[in-house]
Each structure stands twice: as structure tokens, then as C-alpha cells.
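Geometric and topological summary
The chain contents come next:
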Amino acid sequence: MEQQALALKYRPMDFDALVGQEAVSRTLSLALDSKRLSHAYLFSGLRGSGKTSSARIFARALQCDNGPCSKPCGHCPNCVAANPHKMSHIDIIELDGASNRKIDDIRDLIEQTKYHPNMGRFKIFIIDEVHMLTREAFNALLKTLEEPPEYVKFILATTDPLKLPATILSRTQHFRFKRISDKNIFEHLKKILQLEQITYQEEALNMLIRSGAGSLRDTLTLLDQAIIYSNYNITADVCANMLGLINTQSLNLLFESIFTQDREAVLKTLEGFFEYECEMLLDEMSIFLKDKLLKGEDSRYSTLVVDRFFRIITQAKELLFLGSENSFVLTLSAFKMLEALKVESIDKAIAYLEKGFFEQLPKIENVEPKVKSQASQILQKNAQDSIRESQEPIQPSNVELQDSTKESAQDNAQALFALLTKKIYAHNYDLGEIFSKNVHFVSFKDNVLNWETLAEGKERERLKHAYSIIKNYVLEVFGMQTQIINDTKAPKQSLEIPQNIESPTASTIPLEASNTQQHDEDLQTQVQLKQPIPQNTESKSPKDEILEMLQSPLLKDVQELLEIRQVKVRQFSNNSSLDPIQ
């Protein structure tokens, strides 16, 4: 006796035997039992998901002598003639939309709807692959599909419902058949093999299911082929050879070589992989890694490592799509996996940076408050001494202390400025050349970075365009609170002396020291020095008096300590206001 194909031999006879479509089975069964029937139905879904079988089961339930009911008796003439395995009922007409797609075929169908059923309760038209009909055929079917005779039922089936006109979709009850899960297919295959008394390995069945891609009919066809190829003993090796797949042992050997960083072993293993299709190998790698991650038995297959491997596999598929050579893509992917294991975790990298990188940076000591405090003490002391006729010189020990503290802070700041220049070089070499050539460090105090810019023309425009990039590196190196002051070259000292000054009874000269290192908050120091009127007032002019006082050792020490570049002399009027002398 000739052996029947498994897909036909085990076609479901009722809704209870339908695999993986519980929602559709329940809805149609309740509609039959409650007699709430529509005139047209549309079944859509993946190939091999049970659309045609469901249409035949539903047609048989409608024609049963005891029906319509969800469970036909199977013995009446209508049930026997409407057997889903071999449909021979005269009132159940099956059409193939691909071969009967013209408007003339639809006209013949409409003509048949005028005649009452001969044997059953309804005249049922099952149109498979209905999306293949032409636009004219759809238009001709609209009226009949919307208001058919009460004894006519339409069951349409398609794998692509998006190609159907909206007018057809609105006239039917749409049932969407989902992809059958691997678990349901696995249980169905086990049941069939037990009935057929064939030995098998579960890993072999999983290979067949993956190749079937959710289609039960495709999987049963592969199972038929595996039974013949394995001589009724289905094993994983047999299925791998039959389907052209790579076995799990070979994949395990490849990843073991990757984890041990054995480059020669990886190349040797890949030589046996070149005879397989590269895209299939990448899919098998993905499945292998997924199983290792879900099982969690091997700590090496952590989430971080598997994520990196999956990204590498995805990039390899993109290269294949662009037409790259298969063996090169496979070898490149394996080498990328070797390098991916050398990358430390994010937490370790952050800890390394915090511990190592920042410790190597030069430390900036906040010496500015100390300098200001000591400078104010010196100014106060020397201002009192200046009233006396004899001025005592500033002790050298204090000056040396201030100079050493100031130089230490500026050295640290210059080291950071050098680091800033290196980062700009790393970002763009040309920009680094322009920055190093034209931007010079001046000072860094109170989170204010002061530099001089000498750029002109195109170089100046280039620095302006790249200011946001340079500023980001400044904040990274000097701190997020850093402000930038762009200074220009100015003479170290300028003296404005009035041409005509009336000799006051008492000369009070306020000194304004402007430090160009701070743009928004200038350091202003006013020291009032009251000089007694000399006995011979006619012998000295106001200009000579001012020059003499500016040459005093006290003011020279203050200028050197506070880095005063410009001194302006203003007249002190009677109303205690400062009036500049033009």
C-alpha cells in the first residue's frame, strides 16, 4: 500500500485537532453552536498555519445533517462527502484564485450562486489565494459578496490580506491565523512519531522546526524527508546533514576556542564551516548563544558577552547584504568576537579611570585665598608705614613666599593647559596647530581661565567656529565651573598724567589696579596715600609729586605682587568723589 504524506494523513478533522489556533477554533465553534453565522469569511495567515483545513472543517460543520454544529457526526452522507482529507461534496466548491483570477471566472461563480444546493444545506464557495484575483474580478464579486442568497456562504483564504481591496475586507469576517509556536509543533511531531513508531532525538526535531519557520505543513514535509533519509531513526547528525546545518558540537568547539583566545584553533574550526551557507551559520550561532544565555549554566556566556556577540552577528549579516564574500565575513566575525572578550566591563573601565587617570593629573591647589589674605595684610601694614616720612622696605621672606605659592598654582594650571592642547590635537590636528600657535596661557584663578589670542584672519575664524568644541575640552580638563576670558595684549603699565593740576592743600591719590586676568570681576585695589605738604611747595609741581609717589618702593611691591599692568591717577575732589582728569 502506498504511504500517504504526513501533512495529508494527519490533516485535522475538527476544530479540536487544529494545532496552534485556539482563538479561531473557539470563535468558529461558538458561532456554529449559537447559529450566528455570517455570509462571508476571510482567513489570512502564514502558509501552513491551517487556513484551508479550517475552511474545510467549517464547511463540513455547516453541511452536517445534525448541524450546523461545532462537532459534526462524521457518519451522515454530508459529513462523509465533506471529508477534509478528500473533499468530494457537490455543494462545496473550491477555487484557486491564482488559476481562476479573471473576470470571466468570477462571472461563472456568480452564475452558480443562482442555483440552490443539491445535497447539503448551503452552497459553499472556498476561494484560496484570493489576493491573486484581478481588480475587475474583485469589482464583479462585490455585489454578490455583500448580499448573496441565504443559502450561499463564501470562505476566502489568503497569505497576503494587504493586497485585498478595502471593499472586500469590509464585507467579510476577518480571522487572522497566527504563527504556530515551536512548542505546539514539537508536541505535534512527537505525537505523530509515536503513532508511526519511529525513534527520534529531540534536538533533531528542533532542527526541523527551525527550518519549518512556523509552518506546520513545511515541518511535516521535512519530517517525511528525515524519516526516509535516516532510515526510520531520526538523529541530530542526520538532520544536520540533510538540512545543511551545522551541529551543536561544532559551534561549541568554535566558541570554546574563542573564549580561550586560541587564534589557530579558531581558524582551523572555521575551515570546516566554509562549506556551509554563511547566513545559515550566523543564524545557528544566534540560536546557540540564545540557548546558552537562557540556560545560564556557563558563566562565560554572560549578558554583556552575548550582547556583544549578537551585535557582531548583526553587522556580519549587513555585510552579506552588501555582497561581501562569505568566508571573509565569517572569519572577520570570529576575530571580532576574539577582540570583544578583551574589552573590560563598563564598571571596571569606570573604576580604572577614576583610580588611575585622574590620579595622574596635576593637582590644583586653591592658593588664591591665601595670596589675597597675605596681600591684604602687606598692603595694610605698608599703608600705615607710608604715612611716615621714612618707609620701611618689605621683608624679602614674605615676597619669596608669595612668589613661590603663586608660581606653584600657575605651574599646575599650565600643565592642565598643555593637556587641553593635546586633547584638541587628538580631536583635529589642524585645529590643534592653530590653537597651539595663537592661544597662550595667561592665568587660572577662581575657576577663571585667562588666555591671550593672537589669531587673525582665517585662523581667527576657525577658532570661532570651533569654540564650542574647545570649550567642552576646557570644562573636561579644568572643571565644569570654569569660565573663559579671552585677553588681548596690552602694555604692562600706562600712566595718565594731567597737564594742568592745581595744587591742593592735601594730596590724596587713590590707586586703581585693574587686573586683566578677570573679565567680569576685576581686582580693584585702592590705596590712599596721604603725603604731607612739603615746606617748599613752590619748588615741586603736582606732576613731580605724583611721579615721586609712584616710584616709592611700596607701590612697586604692590604692582609686582598683584601683577598690575596699568595705573591710572585720578584727582580727589572736595565732595569725596573720584573725578578723572582728562
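Up top is the structure these notes are about.
These figures come from a predicted structure and were not determined experimentally.

Here we take up helix α14 (residues 278-295). Because the α-helix completes a turn every 3.6 residues, residues three or four places apart line up on one side. Taking 1.5 Å per residue as the helical rise, α14 with its 18 residues ought to reach 26 Å, and the 26 Å between its terminal C-alpha atoms agrees with that figure. On its buried face, α14 sits against α9 (202-212), α12 (248-259), α15 (303-321) and α16 (326-340). In the segment just after α14, Gly296 is the residue with positive phi, at about 65°.

We now examine the packing of aromatic side chains. On inspection of all chains with the given rule, the structure shows 17 aromatic pairs. Residues Phe288 and Tyr301 carry aromatic rings whose centres are separated by 6.3 Å and whose planes lie at 75° to one another, so their mutual orientation is edge-to-face. With Phe288 in helix α14 and Tyr301 in the loop between α14 and α15, this residue pair connects regions lying 13 residues apart in the sequence. Tyr301 matches Phe288 in its accessibility class, with the two residues each being buried. Site record: aromatic cluster; members linked through ring pairs are Tyr41, Phe43, Phe58, Phe175 and Phe177. A cation over a ring is seen here: Arg263 above Phe335, with NZ or CZ 4.1 Å from the ring centre. Looking at Arg300, its charged tip hangs above the ring of Phe259, at a distance of 4.8 Å from the centre.

Okay, the side chain of Thr269 next. As for its placement among the helices and strands, Thr269 is situated in helix α13 (residues 263-271). A polar contact is formed between the side chain of Thr269 and the backbone oxygen of Ala265, at a distance of 2.8 Å. Not counting residues within four places of it along the chain, the set of residues in contact with Thr269 comprises Ser250, Leu253, Leu254 and Ser257.

So, about the sheet that holds strand β4 (residues 152-158). Taken in spatial order, the five strands make up an open sheet running β2-β3-β4-β1-β5, and their pairing is parallel. What marks the edges here is a single partner per strand, and that holds for β2 (92-96) and β5 (173-177). Across the sheet, the axes of successive neighbouring strands diverge by a mean angle of 15°, strand direction being ignored. Both strand β3 (residues 123-128) and β4 contribute to a ladder of six bridges, which runs parallel. What sits directly across from Lys123, in β4, is Val152. Relative to the sheet, helix α5 (residues 103-112) contacts β2, β3 and β4, its axis offset from that of β3 by approximately 160°.

For side chains of opposite charge, pairing can occur when their charged atoms come near one another. Taken as a whole, this structure holds 18 salt bridges when the rule is applied. With a closest N to O distance of 2.9 Å, Lys9 and Glu196 form a salt bridge. Within this pair, whereas Lys9 is found in helix α1 (residues 6-9), its partner Glu196 is found in helix α8 (residues 182-196), the two being separated by 187 residues in sequence. In this structure Lys9 comes out as partly exposed when scored by relative accessible area, which is 32%.

Cut-offs and rules
Residues numbered from 1 in each chain as written. Predicted model: local features only at pLDDT ≥ 70, side-chain atom pairs only at ≥ 80, totals over all residues. Heavy atoms only, no water. Helix = DSSP H or I, 4+ residues; strand = E, 2+ residues; numbered from the N terminus. Expected span 1.5 Å × (residues − 1). Contact = heavy atoms within 4.5 Å. Phe/Tyr/Trp six-rings, centres within 6.5 Å; stacked < 30°, edge-to-face > 60°. Buried < 20%, exposed > 50% of the residue type's maximum accessible area, 1.4 Å probe, protein only. Lys NZ or Arg CZ within 6 Å of the ring centre and 35° of its normal. Polar contact = N/O pair within 3.5 Å; in protein donor to acceptor, adjacent residues only side chain to side chain. Pairing = 2+ DSSP bridges. Axes fitted to C-alpha atoms, helices over the stretch in contact; angles between N-to-C directions. Salt bridge = Lys/Arg side-chain N within 4 Å of Asp/Glu carboxyl O.

The values are spatial; any link to function lies outside them.
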